[in-house]
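Residue-level structural notes
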Amino acid sequence: MAINLAEKFSSKVDERFTTESKTSLITNKDYDFIGAHSIKIYSVGVAEMGDYGRNQEGTSRYGTPKDLENEIQEVSMEKDRSFTFIIDKMDEEETLGAMNAGKALARQLREVVIPEVDTYTYKKMADNAGTTKTETITDENAYDAIVAGNEVLDEGKVPQEGRVATCTPSFHSHLKKDKMAVLDTEIGQDMRIKGVVANMDGTTIQKVPSSLLPAKQNFILSHSIATTQAIKLADYKIHTDAPGVSGSLVEGRIYYTAFVRNNKKVAIYSSIAE
């Protein structure tokens, strides 16, 4: 692999366009895996209602008591990923510092690590959505598509506040052209960093590159209560003059997972193209 050394001019690097993590908006950190590779989550059932036996003989006026049932969902850490690269001491010097280890590590996180974790998380959400609808989105039905998703979440008693429609640029383009859609685009900079482009009828519209979403995805309507993202280890090191290296040896490891709780699948609605 060629390394282009500077003959004269600029120490500035022609950086590629990158994106910050978007999934923090639609996930929670409710569970951790400290000291464990997997955890078990209990879902406890409820009792049926019955008529109270006011004048009934005996002591079972409340009905016949039964043991409550429960279900166990076991989830594990799934992704243990790493990277490494070397920046030779003279390569850094002869590129006017453009090949700096610290900057290269930050670039690796922005362009490779964060997009990988986001892509993995979105796929987990789509694969475990409570409802998946196949449809063709146009300039006339984009608004109705989100309304239909919100109706499903309404019936599932999902909280109104905190719903996010994560969509592709193509879907967002259709939504902007839909005459029924009224988009409030007064969004703070902190939310724009997370991909938020508008609010519509109480739903946050988040636009992300289609490469982060599963193939043929139109949008994922969700509430952060449904999906847990756990990063157990994020370890990044720069070794100066490590054995056998004259320069910087950069190493990184990230150990992560994401999962949808069984009782919260109703809080995810997936729309995919036909």
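Here is a short report on the structure shown in this document. Just so it is clear, the structure is predicted and the values come from calculations on it, not from any experiment.

1. Quick word on the packing of helix H3 (residues 142-155) against helix H4 (residues 169-177)
Taken N-terminus to C-terminus, the directions of H3 and H4 make an angle of 105°; their axes are 7 Å apart at the nearest point. Comparing their axes, H4 and H3 come out roughly perpendicular. Across from Ala142, Tyr143 and Ile146 in H3, the residues of H4 making contact are Phe171, His174 and Leu175. Looking at the contact of H3 with H4, its residues break down into five nonpolar, one polar and no charged.

2. Examining the sheet that holds strand S9 (residues 227-240)
What the three strands build is an open sheet, ordered S3-S10-S9; its pairing is antiparallel. Two strands in the sheet have a free side with no partner beyond their single neighbour: strand S3 (79-88) and S9. Averaged over all pairs of adjacent strands, the angle between their axes in this sheet comes to 10°, without regard to strand direction. Two strands pair when backbone bridges link them, and S9 and strand S10 (residues 247-260) are joined in this way by 13 bridges, in the antiparallel orientation. Counterpart to Ile238 in the pairing with S10 is Val250. The strands that helix H2 (residues 101-127) touches are S3, S9 and S10; relative to S10, the one it contacts most, it runs at about 15°.

3. Here's the deal with the sheet that holds strand S6 (residues 196-200)
The sheet built from six strands is open, its strands ordered S4-S11-S8-S5-S7-S6 with mixed pairing. The open sheet is flanked by strand S4 (131-134) and S6, the only strands paired with a single partner. Strand-to-strand twist in this sheet, taken as the mean axis angle between neighbours without regard to direction, amounts to 20°. Two elements, S6 and strand S7 (residues 203-207), share four bridges in a ladder whose sense is antiparallel. The residue bridging Asn199 from the neighbouring strand is Thr204, located in S7. Most of the contacts of H2 go to strand S8 (residues 217-223), to which it runs at about 85°, and overall it touches S4, strand S5 (163-167), S7, S8 and strand S11 (268-272). The strands touched by H3 within the sheet are S4, S5, S6, S7, S8 and S11, with S8 carrying the most contacts at an inclination of about 35°.

Conventions adopted
Residues numbered from 1 in each chain as written. Predicted model: local features only at pLDDT ≥ 70, side-chain atom pairs only at ≥ 80, totals over all residues. Heavy atoms only, no water. Axes fitted to C-alpha atoms, helices over the stretch in contact; angles between N-to-C directions. Helix = DSSP H or I, 4+ residues; strand = E, 2+ residues; numbered from the N terminus. Parallel < 35°, antiparallel > 145°, perpendicular 65-115°, else oblique. Contact = heavy atoms within 4.5 Å. Nonpolar A, V, L, I, M, F, W, Y, C, P; charged D, E, K, R; others polar. Pairing = 2+ DSSP bridges.

All we've got here are geometric facts, nothing functional implied.
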